[in-house]
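Inside the fold
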Amino acid sequence: MTAGARRCGTGPRRCGAAFLNPAHLIRSINDPEHPLTLEELNVVEQMRVKVNDAESTVAVEFTPTIPHCSMATLIGLSIKVKLLRSLPERFKLDVHITPGTHASEHAVNKQLADKERVAAALENSHLLEVVNQCLSARS
């Protein structure tokens, strides 16, 4: 696993779905174009985050601000990286666009679901830097 996709440990300070709310983890991600968080722009909402602890799955639907948002893939990648870094490895992640809210919904969802594409994206130092900026706290 690359340094960009590090997950939390499973030792004595084990973090699990019972302790971490994925919606809370992603709400403060910064929008790549606006000085607001994804929650402030209603891109992510609590009701669109589904956790199945028994099946070890987390599904997140996000809604781009406009149907032709050019940053949709970057937003989805930022959400995925935040969860990869924060949740135990046992969780399978499904990050996708809310159906019917983006012109390139199928293409973006396909990219986000492809583990090899995600890994390749995280090996790109410039793209990883942009993702890390989205994940960093605003001052």
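Structure first, text after, so check above.
No experiment lies behind these values; they were computed from the predicted model shown.

Here we come to the pairing of strand β1 (residues 49-52). Pairing of β1 with strand β2 (residues 57-62) involves four bridges; the strand directions are antiparallel. Note that in β2 the partner of Asn52 across the bridge is Thr57. Linkage of β1 to β2, two consecutive antiparallel strands, is achieved through a turn of four residues, within which Ser56 is found at a positive phi near 55°.

Read from one edge to the other, the open sheet built from three strands follows the order β1-β2-β3, with strand pairing classed as mixed. Single-partner strands in this sheet number two, and they are β1 and β3 (92-97). The mean angle between the axes of side-by-side strands here comes to 10°, regardless of whether they run parallel or antiparallel. Sheet topology note: the β2/β3 ladder contains six bridges and is parallel. In the strand pairing of β3, Thr57 is matched with Lys92. Contacts between helix α3 (residues 105-113) and the sheet are confined to β2 and β3, with β3 contributing the most and set at about 160° to the helix.

Once that is clear, we can look at the nonpolar core. Ranked by internal contacts, the top residues of the largest apolar core, which has 34 residues, are Ile26, Val60, Phe62, Leu77, Ile79 and Leu83. Looking at this core, the elements with two or more residues in it are α1 (22-26), β2, α2 (72-86), β3, α3, α4 (115-123) and α5 (125-135). Looking at this core element by element, the count peaks at eight residues for α2. The residues contacting Leu77, other than those within four sequence positions of it, are Leu112, Val118, Ala121, Leu122, Leu127 and Val131.

So, on to the pattern of salt bridges. By the definition in use, this model includes five salt bridges. For Glu45, the salt bridge goes to Arg48, with nearest N and O atoms at 3.4 Å. Relative accessible area serves as the criterion here: at 24%, Arg48 is assigned to the partly exposed category. Within this structure, Glu45, Arg48 and Glu61 form a network of salt bridges that share partners.

So, about the side chain of His102. On the secondary structure map, His102 appears in the loop between β3 and α3. Of the polar contacts made by the side chain of His102, one reaches the backbone nitrogen of Ser104; its length is 2.9 Å. Among residues more than four places away in sequence, those in contact with His102 are Pro64, Ile66, Pro67, His68, Cys69, Ala72, Ile97 and Val108.

For the pair α2 and α3, interaxial distance at closest approach is 10 Å and the crossing angle is 30°. As the angle between them shows, α2 and α3 are arranged roughly parallel. α3 is crossed by α2, and the crossing has right-handed handedness. On α3, the residues that touch Ala72, Thr73, Gly76, Leu77 and Lys80 of α2 are Val108, Gln111, Leu112 and Ala113. Residue composition of the contact of α2 with α3, by class: five nonpolar, three polar and one charged.

Cut-off values and rules
- Residues numbered from 1 in each chain as written.
- Predicted model: local features only at pLDDT ≥ 70, side-chain atom pairs only at ≥ 80, totals over all residues.
- Heavy atoms only, no water.
- Pairing = 2+ DSSP bridges.
- Helix = DSSP H or I, 4+ residues; strand = E, 2+ residues; numbered from the N terminus.
- Axes fitted to C-alpha atoms, helices over the stretch in contact; angles between N-to-C directions.
- Contact = heavy atoms within 4.5 Å.
- Core = buried A, V, L, I, M, F, W, Y, C linked by side-chain atoms within 4.5 Å.
- Buried < 20%, exposed > 50% of the residue type's maximum accessible area, 1.4 Å probe, protein only.
- Salt bridge = Lys/Arg side-chain N within 4 Å of Asp/Glu carboxyl O.
- Polar contact = N/O pair within 3.5 Å; in protein donor to acceptor, adjacent residues only side chain to side chain.
- Parallel < 35°, antiparallel > 145°, perpendicular 65-115°, else oblique.
- Left-handed = near helix turned anticlockwise from the far one by under 90°.
- Nonpolar A, V, L, I, M, F, W, Y, C, P; charged D, E, K, R; others polar.

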